[in-house]
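Here's the letter readout for the chains.
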Amino acid sequence: MDDDMESGSLLMGSYLDRPRTFPNMKSKPYTPLIFRILMGINMRVLLVLLLLGLGAVFYIGASTSPIIVFVLCICILSFLFSIYLTKWVLAKDEGPPEMIQISDAIRDGAEGFFRTQYGTISKMAVLLAIVILCIYLFRSTTPQQESSGIGSATSAYITVAAFLIGALCSGIAGYVGMWVSVRANVRVSSAARRSAREALQIAVRAGGFSAIVVVGMAVIGVAILYATFYVLLGVDTPGSMKVTDLPLLLVGYGFGASFVALFAQLGGGIYTKAADVGADLVGKVEQGIPEDDPRNPAVIADLVGDNVGDCAARGADLFESIAAEIISAMILGGTMAHRCKIEDPSGFILFPLVVHSFDLVVSSVGILSVRGVRDSGAKSAIEDPMAILQKGYSITIFLAIVTFGVSTRWLLYTEQAPSAWVNFALCGLVGIITAYVFVWISKYYTDYKYEPVRTLALSSSTGHGTNIIAGISLGLESTALPVVVISIAIVSAFWLGHTSGLVDESGNPTGGLFGTAIATMGMLSTAAYVLTMDMFGPIADNAGGIVEMSNQPESVREITDLLDAVGNTTKATTKGFAIGSAALASFLLFSAYMDEVSSFAQIPFQQVDIAIPEVFIGGLLGSMLIFLFSAWACSAVGRTAQEVVNEVRRQFIERPGIMDYREKPDYGRCVAIVASASLREMIKPGALAIVSPIVIGVLFRILGHLTGHPLLGAKVVAAFLMFATVSGILMALFLNTAGGAWDNAKKFIETGALGGKGSDSHKAAVTGDTVGDPFKDTAGPSIHVLIKMLATITLVMAPIFL
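As annotated in an unreviewed UniProt entry, the chain is H(+)-exporting diphosphatase from Aristolochia fimbriata. UniProt, in its Subcellular location (unreviewed entry) section for the chain, records the words "Endomembrane system".

With that settled, consider the nonpolar core. Counting 264 residues, the largest nonpolar core has Tyr226, Phe259, Leu353, Phe424 and Tyr593 as the members making the most contacts within it. Considering every element that reaches this core, the biggest residue donor is helix H8 (residues 196-232), with 24 residues. Not counting chain neighbours up to four residues away, the residues in contact with Leu353 comprise Ile68, Val71, Val219, Val222, Ala223, Ile326 and Met330.

Moving on: a nonpolar patch on the surface. Residues Ile401, Val422, Leu426, Leu429 and Ile433 make up a contiguous nonpolar surface patch of roughly 360 Å² in combined accessible area. If you tally residues by element for the nonpolar patch, the top one is helix H13 (residues 420-446), at 4 residues. Positionally, Val422 belongs in helix H13.

Position of Ala572 among the secondary structure elements: in helix H19 (residues 554-601). Residue Ala572 is classed as buried on the basis of its relative accessible area, which comes to 7%. Remark: the alpha-carbon pair of Ala572 and Asp534, spanning 38 residues in sequence, is separated by 8.2 Å. Apart from residues no more than four positions distant in its own chain, Ala572 is found in contact with Ser442 and Thr446.

Turning our eyes to something else, we now look at the pattern of salt bridges. One pass over the full model with this rule turns up 22 salt bridges. Shared partners join several salt bridges into a network, and the residues in it are Lys273, Asp276, Asp743, Lys746, Lys747, Asp769, Asp773, Lys776 and Asp777.

Turning our attention to the state of the cysteines. Evaluation of the coordinates by the stated rule reveals 0 disulfides. Cys73 takes part in no disulfide bond, and the closest cysteine sulfur, belonging to Cys75, lies 9.4 Å away. Classification of Cys73 as partly exposed rests on a relative accessible area of 33%.

About the criteria used
Residues numbered from 1 in each chain as written. Predicted model: local features only at pLDDT ≥ 70, side-chain atom pairs only at ≥ 80, totals over all residues. Heavy atoms only, no water. UniProt positions renumbered as here; feature names shortened; annotations may be inferred. Core = buried A, V, L, I, M, F, W, Y, C linked by side-chain atoms within 4.5 Å. Buried < 20%, exposed > 50% of the residue type's maximum accessible area, 1.4 Å probe, protein only. Helix = DSSP H or I, 4+ residues; strand = E, 2+ residues; numbered from the N terminus. Contact = heavy atoms within 4.5 Å. Patch = residues over 30% accessible without salt bridge, like charges linked within 9 Å, V, L, I, M, F, W, Y side chains within 5 Å. Areas by Shrake-Rupley, 256 points an atom, 1.4 Å probe, with all protein chains shown as cover. Salt bridge = Lys/Arg side-chain N within 4 Å of Asp/Glu carboxyl O. Disulfide = S-S within 2.5 Å.

Structural data, given as structure tokens:
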């Protein structure tokens, strides 16, 4: 940065007329350790090692099941497709030097924070792994484990290994999400100078790369872990573990993914919204300057936050969602196959892996369906980006329905119930329809084309208070339809599975829960395309910031504003989609928890009676956790934003030349403040989420031991989990929708409605957007990670509650 400009000694001329320079946010180039090691290896040696690794993986897969080989092939092909998308995006030009400098500053800040944040998370993960190891070494084992020769030590090492692998893969998923977004943003900005359609295509393909890698890693990670355990433990050989019990060993993988996703979402969410709120309160409200004005010292921190909060965190979040759903469905498939005495249960266990493999295929087709104009140099009319994305989603859904039917006939056909596969295919259709309806509901409540957001914008014309009241009421109202949809989906899928014809030895129908699991798979069968739409949002947001800061023509800003508004809607729809899938996945994991408790205690555990005072208290504590967690997450944003506000005000006072472009703001100072504060603030709510179920379970276990109720601890934890899930779903729906609606109400006014930018209505809408920021990007997304993590942690820790 120019020292003369920094000191303000150059009073002549505007720095807008001079070459732009932005601070370097890192002291040295950053590349993750694993990539540095790989890059240090000779290319030929690396190629040989890669081929040997692939050979070993396929050998283990072939020793397990042909289905695993099929899954591995699809995943590897999808990774090759993602490489193609990367090369296509990176081949696009980065625009003029001023755009590149802004993009470099954003990338430096994002990578620096990622390194520090994930360094902290990795230390906590290692510490938790040691705790899990100690617990498992001294816990009891189930009769099934004893009969198969798996002792406490083997079980402990397997669980800890799975936990660490899940955490590592989740971290890589987060890094991939951030890596692509900080390189695609400037290319979208550059393309917006030529065509809205080209900018849209670049943003979609960049998001598609991240989505394909995240989903592919979740699938291949579970597949390799399953096949490795299958071979090492000699599964299904005389005197060894049954294949139907094997999925329970994968629970640690889901817990590791949940652990990293929770802290990534918390830390990233606090970072992005503290910077956003701080920048808005001083810049837009007090100084009356545009959102991404280069005079605002917090603007770089705000743009960095879009990457670490929306891209890196969402990548880890969706990775965790898919991993948890796959593992819970495998557990339930194995349990049902065991009860029904199905001769070859592998189809029922591996079905989730095949469904998500097809997800990679159909979502790739959907991504490629979003195409640019033939003549990229020609100025074309601005089309509705949402309609283009919706068309790609419709194509993906149609193909998902077809491949789901093929998968059920291939893997779920059994002579014991020849028509069962039809019922299960219908369960998948229920899930796919549920996902589509969830996306539509979220769009209805957050897109300014529809009445709810326009009504919210209209309320801004009468002041700040009425805007806040209208936004809160809209968020509360938006919980109704999703809950009705989830309820219908669970009941429909359970009934279809229950009537599939599969029965146990006593003649009792057993397919109900597995039907619900298949509906969850159906809901997530287009996850890669939905994640693509989500990643599109922050990339478009960053592109708009780069366009504003590099002083591009208004016509270019119009294009990026349009993409940004659509991105707000796609982010909101993805959050609604994630909440719905979290609700169904948590229901499955809750059932798996009850089964595991029964296995360890050798006592039937099929229902939770909340009329028992201790159990009711457990439920109250579960609901309380959601509210306390949300409060701590929002207050963390508030405290950090206060630090940003004070710093920005200080710079405006001490450097009066900033406002007339005679002095440059100190962007790096705001980045440093937000980074350190967000890392500090994420610990308390994260620790609360991890420690609460363990402490409650152990305390009530001791009380149950003293009063002669051996299952009291497990029952209280079950109620805790049940109430936390229900409260969490409602709270997350409220927070996400209200925040998204406030944001797009502001965007609607900025299109010129109700007085446009700078009007009293706009100022009130900015206040609503500021209130909604921690709702939709910190507390809301963290809650649906939280409820899945609670489900996995109770499953992993179940033995200590007995």
